[in-house]
Amino acid sequence: MRKLPRLFENNRNWATRIQAANPDFFKSLVAQQSPGYLWIGCADSRVPANEIVGLPPGELFVHRNVANLVIHTDMNCLSVLQYAVEFLKIEHVIVCGHYGCGGVIASIEERPHGLVDNWLRHIRDIYQRNQDALGQIKDRKQMLDRLCELNVIEQVINLANTTIVQDAWNRGQPVTVHGWIYDISDGLLRDLNVCLQSLQELQAIQNQA
Ligand code: CO
């Protein structure tokens, strides 16, 4: 099926519904976007960014990749971040992971998954660095949940270490980086309390680790 009619029909219904509720909705979006938040999340189809936080088009700037990673050489993610911070002046950057993340699980499996293993290697590094603490968690699901959390915390620190966030802080532009995790089984977000809004806070969390 080359045209995927169900999706086009859904789209027409969606646009009609929105237009009926607010006739100027699309017109106002054409003029500009001024989202208040940048969401960096997993590509997983069960974690739809806008829906989870109940935000309509125009209010959430979104970047998603496998296992919500922020890698210092990933020009895709860094370009999104730069545009968000320097041009859209977004103040809140959210890294949102999720429990049961296939990327996190695959990262510590012994069997190969092909090219994606190079990407997931970043998570395996986190696993190896935290092997003592993780090894004490006997229940495998709980251990994987913890690794999902540690992965989010690592990405929050990576974000805070980018030139983009550091330059913003140095010129006094407010940027706050948040680390959250989403539970697919109940639809709820949890704040991991790794909120960073200054170099001092970054240094404090790095000294802890
Ligand atoms: Co995932």
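Residue positions are counted from 1 within each chain, in the order its sequence is given. Local features are withheld for residues below a pLDDT of 70 in this predicted model, meaning they are given only at 70 or higher, and side-chain atom pairs are given and counted only at 80 or more; totals for whole chains, interfaces and linings count all residues. To get the side-chain values, all heavy atoms of the structure are used, and hydrogens and water are removed first.

(A) Up close: the coordination of the cobalt ion. Donor atoms are limited to N, O and S found within 2.8 Å of the metal ion, a distance that becomes 3.2 Å for Na, K and Ca. With water left out, some sites might look partial. Looking at the cobalt ion, one finds its protein donor set to be Cys42 (SG), His98 (NE2) and Cys101 (SG), positioned 2.0 to 2.3 Å from the metal centre. Relative accessibility thresholds used throughout: buried, under 20% of the residue-type maximum; exposed, over 50%; partly exposed, between the two (1.4 Å probe, protein chains only). By relative accessible area, Cys42 is classed as buried at 6%.

(B) Seen up close, the sheet that holds strand 1 (residues 37-42). In this analysis, strands are considered paired if DSSP registers two or more bridges between them. To qualify as a helix, a DSSP run of H or I must reach at least 4 residues; to qualify as a strand, a run of E must reach at least 2; elements of each kind are numbered from the N terminus. In spatial order, the strands read 2-1-3-4-5; together these five strands make up an open sheet with mixed pairing. Only two strands of the sheet have a single neighbouring strand rather than two, namely strand 2 (60-65) and strand 5 (188-191). Neighbour-to-neighbour, the strand axes of the sheet open up by a mean angle of 25 degrees, direction not taken into account. Think of each axis as a best-fit line through the C-alpha atoms, taken over the contacting stretch in the case of a helix, with angles from 0 to 180 degrees between the N-to-C directions.

(C) The nonpolar core, seen in detail. Residues enter a nonpolar core if they are buried and are Ala, Val, Leu, Ile, Met, Phe, Trp, Tyr or Cys, with the set joined through side-chain atoms within 4.5 Å. Counting residues in hydrophobic clusters, the biggest one holds 51 residues, and the most contacted among them are Leu38, Leu81, Leu147 and Leu159. Considering each element in turn, this core owes the most residues, eleven residues, to helix 8 (residues 140-160). The next biggest cluster of nonpolar side chains, apart from the first, holds ten residues, and it includes Ala49, Leu55, Ile94 and Trp180.

(D) A look at unusual backbone geometry. The backbone of Leu4 shows a phi angle near 45 degrees, a positive value even though the residue is not glycine. Mapped onto the secondary structure, Leu4 falls in the segment before helix 1 (5-21). Judged by its relative accessible area of 48%, Leu4 is partly exposed.

(E) Up close: the environment of Asn130. Within the secondary structure, Asn130 sits in the loop between helix 6 (116-129) and helix 7 (131-135). With a relative accessible area of 23%, Asn130 lands in the partly exposed category.

(F) Inspection of the packing of aromatic side chains at higher detail. Only centres within 6.5 Å qualify two rings of Phe, Tyr or Trp (six-membered ring in Trp) as a pair; their planes then separate them into stacked at under 30 degrees, edge-to-face at over 60, and tilted for everything else. On inspection of all chains with the given rule, the structure shows five aromatic pairs. With a centroid separation of 5.3 Å and 85 degrees between ring planes, the pair formed by Phe25 and Phe26 is classed as edge-to-face. Judged by centre distance (5.6 Å) and plane angle (20 degrees), the ring pair of Tyr83 and Phe87 falls under stacked. Of this pair, Tyr83 and Phe87 both sit in helix 4 (residues 75-87), four residues apart, which is roughly one turn of the helix. On the basis of relative accessibility, which here comes to 57%, the residue Phe87 falls in the exposed class. Linked through ring pairs, Trp14, Phe25 and Phe26 together constitute an aromatic cluster.

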